[in-house]
Amino acid sequence: MDIAALLASAGINVLLCAVLFSLYSILRKQPSNANVYFGRRLASRRDKHVDLLERFVPSPTWVMKAWETTQDEILDIGGMDAVVFSRMLVFSIRVFTIAAVICTILVLPANYYGRDRIHKDIPFESLEVFTIENVQEGSRLWAHCLALYIITLAACTLLYFEFKNVANLRLVHIIGASAPNPSHFAILVRGIPWSSEESYYDTVKKFFSYYHASAYLSHQMVYKSGTVQKMKDDAELMYKMLGDSLGKTCKPSFSQCCFCGGPTNSFKKISNEIDSINGRTGYTDRHIDGRKKECAAAFVFFKNRYAALMAAQNLQTSNPMLWVTDLAPEPNDVYWTNLCIPYRQLWVRKIATVVASGTFMLVFLIPVTFAQGLTQLDKLEKMFPFLTEILQMKFMSEVVIGYLPSAILVLFLCAVPPVMMLFSAVEGSISRSGRKKSACYKVLYFTIWNVFFVNVFAGSVISQLSVFSSITELPAQLAKAVPAQATYFTTYVLSSGWASLACEIMQLFPLFCNLFQRFVLRSGDDSNDGALSFPYHTEVPRVLLFGFLGFSCSILAPLILPFLLFYFFLAYLVYRNQILNVYVTRYDGGGQYWPIAHNTAVFSLIFAQVIALGVFGLKQSTVASGFTIPLLLGTLLFHQYCRERFLPVFRNTATQVLIDMDKRDERCGRMKDIYNQLHTAYCQFSSDSSKSECFSCHHKESTRVHPPEDLETGKENNNKDMSWPPVHRSS
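It should be emphasised that the depicted structure is a prediction, and the values quoted were computed from it without experimental measurement.

Engineer: Even after reading the chapter, I still don't get the overall build of the protein, so can you show me in this structure?
Structural biologist: Along its length, the protein carries 29 helices and four strands. For the protein, the share of sequence-separated contacts (at least 6 apart) that also reach a separation of at least 24 residues comes to 81%. Total accessible area on the protein stands at roughly 36300 Å², and carbon and sulfur atoms take up 62% of it.

Listed below in structure tokens is the structure:
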């Protein structure tokens, strides 16, 4: 593939992006309901008094708005996760701008004039001429080594300051929040021991009233939910409604009703009499129903943030499988479906998801191998003889070799994020942000493996299993394989990067669904119930994958850097516009995606250095190889320092910060209001009647506290009536 074909492919993508961006600029100014899918913020901001001509003229105002929006506005609208994603793009723009300048000055001339050969005009030159493959053996390669040092130092410096700024911004966001976060006062308790004598509610109350008497406030049980449980509840509700309607028309008697012919509700009198005889009048049907629906999980609320943090971090009993405590997610972030999963099943689920993910990665080798096989024309001509004449055409051969494989791979990769999201849900995440973060990890590993490693080692290397023969030979094998696939990676940036941004700005799938709903189903609902949330599990791995390709190919094939830079600049504008106008933020993950970005960037640097070490060895440049080893060790030390310095801030909130926030709220007199809002914040049912059931079933409190006698089974909590001093709980 030559430069002219690559530029033609890039021109096609630019034209596609321009058309879709113009269409988006036109559509976002329409006052009709056709663009409601863009989100409620866009609908409130558009001008309703523009004239007809202006509506159909493409306008770049959304580009200027996305460019001029400050970080504080992004934080207010999209939360910490949106700011972190924006910082990923800013870091990529900065580091690859430096890499593009350095590689253009030092590496590109060294690659182009690496051999004594007759050069063609630049548009007709093959892309391999600009890679390190064109450098002959015995060269000193000092330019490549110097460029690698500059790129690594620039990347590490930018990573350090970005990590520091994001960590400080996370602390400022926690401290300076206008409304107190209920999750700071709550913990999630799972693995509650089952007792035949009492409900889970009473077991939790006795445990925390005794062992956390000074800080315990109250708790809220988690009830069974899901499709099956909802069907059962609906059936029970329908049965009660029918029973009530029959009870109003039919008087209690021992004879059948003359109208409906069914039995009367006189059995209620008999059951109530039997209950009163047996002394069970205090335990009503509502308590029995509530106990049946309780799960072995609960949200426990404390009087201050520090007590909640200590209870979440400490081991509650000698059996780590019982009374398991974790910090509670935000109320809107709770993934209620997984809270009822028994804690003992979680390790089995995690192993099962790992096995399923690995199997899916192996099965995905089939389409990857098929896409990679399209780059070999001789095999295609043997398999499809009737395509010989078509494949011999220069234009068709360039399209098939350079563009079609990456386009096919992109189509197959569209099925990966939903599958990984399903695996993350089965894994047992207790929060929606945790589920999306777990899916982000899986999609990232999947794409790096299939897009990079499988394509690099496709063919004879994998068939002979030589890649697994010796670890010491891995750098040399990478040095041979990666430069040969530089053309494929460049076209992949065009097909997957630029085209994905054009589809992202238009939201084609939601647009078609919206048009189908309005013009086919004739539904005019303008509610925001179906508003989209930002797909971090899809976009974060894509951005990090392109960064990985940029670091790996920077000194090997510098021509990939301009196309990457254009992608990151365009992505910076597009994603900021989407955060402002399209996606609705329902919960905030607290910027937990930045450690993923940092680890991936450091891994990319180390991987690029390993490849460079192998290339320098193949080119017999001992000086460059010797200087690369200290750089590799220095990068590892830098990574370990950042983990020790900044990573704990993302795992837990500092005690100093929580105590200062507690004292501030006490001085302002806001503690009572916070206590009153905790129960309603963590009610898993939406209706008001269901909310009352959440915390009214067992609200009658006892005056004495009984210490649990058997922490392992919880079956003997009521066997002994030990008189402990009464606990006076203040609200």
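Engineer: Could you clarify how one ought to interpret the environment of A597 in this entry?
Structural biologist: Along the polypeptide, A597 turns up in helix α25 (residues 594-618). Separated by 57 residues in the primary sequence, A597 and V540 have C-alpha atoms spaced 8.2 Å apart. Setting aside residues up to four positions removed in sequence, A597 forms contacts with M88 and L544.

Engineer: Help me out: how do you make sense of the pairing of strand β2 (residues 216-223) in this one?
Structural biologist: Looking down a regular strand, the side chains alternate between one sheet face and the other. Most of β2 sits out of view: eight of its eight residues are buried. Looking at chain direction, β2 and strand β3 (residues 294-302) are connected through six bridges and run antiparallel. The partner of S218 across the bridge, within β3, is F301.

Engineer: Just to check I follow, could you spell out the state of the cysteines for this structure?
Structural biologist: Two cysteines, two sulfur atoms, one covalent bond between them: this is a disulfide. Tallying each qualifying case throughout the model produces one disulfide. Residue C295 pairs covalently with C340 via a disulfide, S to S 2.0 Å. Negative torsions about the S-S bond denote left-handed disulfides, and the value of about 80° found for C295 with C340 makes this one right-handed. Residue C295 is located in strand β3, and its partner C340 is located in the loop between β4 (324-327) and α12 (346-363); the two are separated by 45 residues in the primary sequence. The class of C340 is partly exposed, set by a relative accessible area of 27%. Sulfur of C156: no disulfide; nearest cysteine sulfur belongs to C642 and is 7.9 Å away. Given the relative accessible area of 11%, C156 is considered buried. Overall, the relative accessible area of 0% leaves C642 in the buried class.

Engineer: Can you help me understand the packing of aromatic side chains in this one?
Structural biologist: Aromatic ring pairs are defined here through the distance separating the ring centres and the angle between the ring planes. The full count for this structure, using the stated rule, is 46 aromatic pairs. An angle of 80° between the planes, with centres 5.2 Å apart, marks the rings of F452 and F453 as edge-to-face. Owing to a relative accessible area of 15%, F453 belongs among the buried residues under this scheme. Ring-pair connections join several aromatic residues into one group, and the members of that group are Y160, F161, F163, W594, Y641, F646 and F650.

Engineer: I keep staring at helix α18 (residues 432-456) and nothing clicks. Help me out?
Structural biologist: Along an α-helix, residues three or four apart share an orientation, since each turn contains 3.6 residues. Here α18 contains 25 residues, and its C-alpha end-to-end distance of 35 Å stays within 8% of the 36 Å for a straight helix at 1.5 Å per residue. Taken as a whole, α18 carries its principal kink of about 30° at W449. In terms of burial, α18 is a largely internal element, 19 of the 25 residues being buried.

Engineer: Got a minute to help me understand unusual backbone geometry in this structure?
Structural biologist: Positive phi, normally seen in glycine, also occurs at W323, with a value near 55°. Among the secondary structure elements, W323 is positioned in the loop between α11 (305-313) and β4. With relative accessibility at 4%, the residue W323 sits in the buried group.

Engineer: Would you take a moment to explain the packing of α18 against helix α23 (residues 536-553) for this structure?
Structural biologist: Axes are the key here: two packed helices are described by the angle between their axes and the distance separating the axes. One way to put it is that α18 packs onto α23 with a least axis distance of 8 Å and a crossing angle of 35°. As α18 runs across α23, the sense of the crossing is right-handed. In this structure, α18 uses K436, A439, C440, V443, L444, T447, I448, V451, F452 and F453 to contact α23, whose residues at the interface are Y536, H537, V540, P541, L544, L545, F548, L549 and S552. Each residue belonging to the contact of α18 with α23 can be placed in one class, and the counts come to 15 nonpolar, three polar and one charged.

Engineer: Would you take a moment to explain the sheet that holds β4 for this structure?
Structural biologist: Remark on secondary structure: sheet strands pair via backbone hydrogen bonds, oriented parallel or antiparallel. Taken in spatial order, the four strands of this open sheet run β2-β3-β1-β4, and their pairing is antiparallel. In this open sheet, the two edge strands, each paired with only one partner strand, are β2 and β4. With strand direction ignored, the average angle separating the axes of adjacent strands in the sheet is 30°. Lying over the sheet, helix α7 (residues 200-211) contacts β1 (186-190), β2 and β3, oriented at roughly 155° with respect to β2. Each of β1, β3 and β4 is contacted by α11, which is oriented at about 135° to β4, the strand it contacts most.

Engineer: Sorry, what's going on with the side chain of E162 here?
Structural biologist: Take E162: it is sitting in helix α6 (residues 142-175). Using a relative accessible area of 3% as the deciding quantity, one classes E162 as buried.

Engineer: I'm lost on the pattern of salt bridges in this one. Help?
Structural biologist: Pairing is possible between side chains that carry opposite charge, provided their charged atoms lie close to one another. The full count for this structure, using the stated rule, is nine salt bridges. Residue R87 is joined to E162 by a salt bridge in which the shortest nitrogen-to-oxygen separation is 2.8 Å. Remark: E162 occurs in helix α6 and R87 occurs in helix α5 (residues 71-112); sequence separation between them is 75 residues. Through salt bridges with shared partners, a single network forms among R305, D662, D665 and R670.

Engineer: How should the nonpolar core be read in this particular structure?
Structural biologist: Formed by 120 residues in total, the largest nonpolar core has its most connected members in F85, M88, F452, Y492, Y567, F568 and W594. Top element by residues in this core is α5. It accounts for 20 residues. Those residues in contact with F85 that sit more than four places away from it in its chain are F534, Y536, E539, V540, V543 and Y575. Counting 21 residues, the second-largest nonpolar core is a separate cluster that includes I187, F208, Y216 and M221.

Engineer: I keep staring at the confidence of the model for the protein and nothing clicks. Help me out?
Structural biologist: The predicted coordinates should not be examined in detail at positions where pLDDT is low. On average, residues of the protein carry a pLDDT of 76, and 66% of them reach 70 or more. When the criterion is pLDDT under 50, residues 250-288 qualifies, and its contacts beyond four places in sequence or with other chains add up to 29 contacts. Here residues 688-693 scores under 50 on pLDDT; set against residues more than four positions off or in separate chains, the count is eight contacts.

Engineer: It is not clear to me how the side chain of D662 should be interpreted in this structure. Could you clarify?
Structural biologist: Positionally, D662 belongs in helix α27 (residues 655-668). The contacts of D662, once residues within four sequence positions are left out, are F185, N304, R305, Y306 and M671.

Engineer: Help me understand a nonpolar patch on the surface, please; the structure alone is not making it clear to me.
Structural biologist: A cluster of nonpolar side chains, W347, V348, I351 and V355, forms an exposed patch at the surface whose accessible area comes to about 410 Å². Looking at the element boundaries, V355 is found in helix α12.

Engineer: How do you make sense of the pairing of β1 when you look at a structure like this?
Structural biologist: Of all five residues in β1, five are buried, a share of seventy percent or more. Relative to β3, β1 runs antiparallel, the two being bridged by five bridges. Looking across to β3, one finds that I187 is bridged to V300. Pairing analysis gives four bridges linking β1 to β4, with the strands arranged antiparallel. In the strand pairing of β4, V189 is matched with T325.

Engineer: When you look at the packing of α5 against α23 in this model, what are you seeing that I'm missing?
Structural biologist: It is the contact of α5 with α23, at a shortest axis distance of 11 Å, that shows an interaxial angle of 15°. Relative to α23, the element α5 is oriented roughly parallel. Helix-helix and strand crossings are classified by hand; for α5 and α23 the assignment is left-handed. In this structure, α5 contributes G78, D81, A82, F85, M88, L89, F91, S92, V95 and F96 to the contact, and α23 contributes Y536, E539, V540, V543, L544, G547, G550 and F551. Residues that form the contact of α5 with α23 fall into these classes: 12 nonpolar, four polar and two charged.

Parameters at a glance
Sequence order as written defines the numbering, with residues in each chain counted from 1. Note on the predicted model: pLDDT of at least 70 is required for a residue's local features to be given, and 80 or more for side-chain atom pairs to be given and counted; whole-chain, interface and lining totals, by contrast, use all residues. The basis for the side-chain values is all heavy atoms of the structure; hydrogens and waters are excluded. Secondary structure follows DSSP: runs of H or I at least 4 residues long count as helices, runs of E at least 2 residues long count as strands, and numbering of each begins at the N terminus. Here, two residues are considered to be in contact whenever any of their heavy atoms come within 4.5 Å of each other. Calculation of accessible area relied on Shrake-Rupley with a 1.4 Å probe; when residues are assessed, cover is drawn exclusively from the protein chains displayed. Buried residues are those whose accessible area, probed at 1.4 Å on protein chains only, stays under 20% of the maximum for their type, while exposed residues exceed 50% and partly exposed ones sit between those limits. For two strands to be treated as a pair, DSSP must find no fewer than two bridges joining them. Note on terminology: pairs of cysteine sulfur atoms within 2.5 Å are recorded as disulfides. Pairing of aromatic rings covers Phe, Tyr and Trp, the last counted by its six-membered ring, and requires centre-to-centre distances within 6.5 Å; plane angles under 30 degrees mean stacked, over 60 mean edge-to-face, and any other angle means tilted. By this rule, a helix spans an expected 1.5 Å times one less than how many residues it contains. Two axes are fitted around each residue, one to the seven residues ending there and one to the seven starting there, and the angle between them is reported as the bend at that residue. Axes here mean lines fitted to C-alpha atoms, for a helix over just the part in contact, with angles spanning 0 to 180 degrees between N-to-C directions. What makes a crossing left-handed is the near helix being turned counterclockwise from the far one by less than a right angle; a clockwise turn instead makes it right-handed. Think of it as three bins: nonpolar holds Ala, Val, Leu, Ile, Met, Phe, Trp, Tyr, Cys and Pro, charged holds Asp, Glu, Lys and Arg, and polar takes everything else, Gly as well. For this document, the term salt bridge refers to a Lys or Arg side-chain nitrogen within 4 Å of an Asp or Glu carboxyl oxygen. Grouping buried Ala, Val, Leu, Ile, Met, Phe, Trp, Tyr and Cys residues that are joined through side-chain atoms within 4.5 Å yields what is termed a nonpolar core. Note: pLDDT gives the predictor's confidence per residue, expressed from 0 to 100. Patch building starts from residues that exceed 30% relative accessible area and form no salt bridge, then joins like charges within 9 Å and nonpolar side chains (Val, Leu, Ile, Met, Phe, Trp, Tyr) within 5 Å. Small angles under 35 degrees read as roughly parallel and large ones over 145 as roughly antiparallel, with 65 to 115 read as roughly perpendicular and the rest as oblique.

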